[in-house]
Amino acid sequence: MRCLRGVMRSAALLWLSSFFHYPAASAAEATAGKPPGRVISLNLCTDQLLLLLADPSTIVGLSQLASDCANAPMCEKARSYPAFRTNTETILSLKPDLVVTGTSTMPVTLLAAKSVGTRLEMFAPAQSLADIPASIRRMAKLLGVPERGEILVQAFDERLARLSLPLSPAAPETVIYAANGFVTGAHSLPDDVLHHAGLRNFATSVGKKRRQAISLEKLIAAQPDLLILDRSGQGTSQAQALLDNRALESAFRGMHRINIPASLWLCGLPQTLDALEELSKARKMIQEDGK
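Nothing here was measured: the structure is a model prediction, and the numbers come from that model.

### Here we look at unusual backbone geometry
Phi is positive for His 187, close to 55 degrees, though the residue is something other than glycine. Structurally, the position occupied by His 187 is in the loop between β7 (182–183) and α9 (189–196). Even without glycine at this site, Gln 223 takes up a positive phi of about 50 degrees. Examined against the element boundaries, Gln 223 turns out to sit in the loop between α11 (216–222) and β10 (226–230).

### A few points about the pairing of β10
Counting buried residues in β10 gives 5 out of 5 residues, a clear majority hidden from the surface. Because side chains alternate across β10, one face comprises the buried residues Leu 226, Ile 228 and Asp 230, and the other comprises Leu 227 and Leu 229, equally buried. Sheet topology note: the strand β6 (residues 173–178)/β10 ladder contains 5 bridges and is parallel. Residue pairing in the sheet places Thr 174 in a bridge with Leu 226 of β10.

### Section: helix α8 (residues 146–163)
Counted at 1.5 Å a residue, the expected span for α8 with its 18 residues is 26 Å, and the 26 Å between its end C-alpha atoms agrees. Gly 149, Val 153, Phe 156, Arg 159, Leu 160 and Leu 163 are the residues of α8 that are buried. The buried side chains of α8 occupy one side of the element, clustering within an arc of 135 degrees when seen end-on. Seen from the buried face of α8, the exposed residues on the opposite side, beyond 90 degrees, are Ile 151, Gln 154, Ala 161 and Arg 162.

Reading guide: rules and limits
- Residues numbered from 1 in each chain as written.
- Predicted model: local features only at pLDDT ≥ 70, side-chain atom pairs only at ≥ 80, totals over all residues.
- Heavy atoms only, no water.
- Helix = DSSP H or I, 4+ residues; strand = E, 2+ residues; numbered from the N terminus.
- Buried < 20%, exposed > 50% of the residue type's maximum accessible area, 1.4 Å probe, protein only.
- Pairing = 2+ DSSP bridges.
- Expected span 1.5 Å × (residues − 1).
- Arc of directions from axis to C-beta.

This is how it looks when you write it as structure tokens:
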């Protein structure tokens, strides 16, 4: 049933985009005219890009997730702006010049944007560190501030080059462990951060190519070199309690255990390099300890 709903939703998106030819203009073309004066973001990751690049006076509002400090690195700054639900009423009532959001946007939102002449741009989630400069440049062009984007990209590229470490077959093995025992697999932003920190992803070495669960017992028995606790889902549920299990705490102590805030790599942002810096330090400590 879920599969059928997914197929129907994809078909609806395809039909809507072909019917409206939307969006036809490129980001570069958008800067040829007047930059948007009223912009809304309906997605956590586009919230952050907007806060990084836009003139404050042009931000009409952000998503409700923007002020959630567990997931949003710029949550304090976001609280200066109205928070909106991701729905059609927001677009129909405020009639912004530009709406930026994620690729999971509902088809009805496309209809709402079209009906009031609002430009809607969807950003795909970053799958690697290489995706981040492209997203920054695209957002900067949409906002009419390409030079601001280039400054951010240059700083990002320089810091990435400075922090990145070579990955070797003998590199420390690392696991990103989340609620319900899920581990982060390949082709994801956190996985790419691990590689740039010179760390091997334990999940891919045991055949977990996607985000899948592994039991606490199997993880402790395998004993990878570094445990990263992913606390992206805040709360006191049984699923979260697994991360504070005493057996897990006993198996991974000191330099072999680290917390990386979900806000650092949930979205592809310049702040993602803060996670890379922490992991690069962890790798050096583990390798020096093993000498």
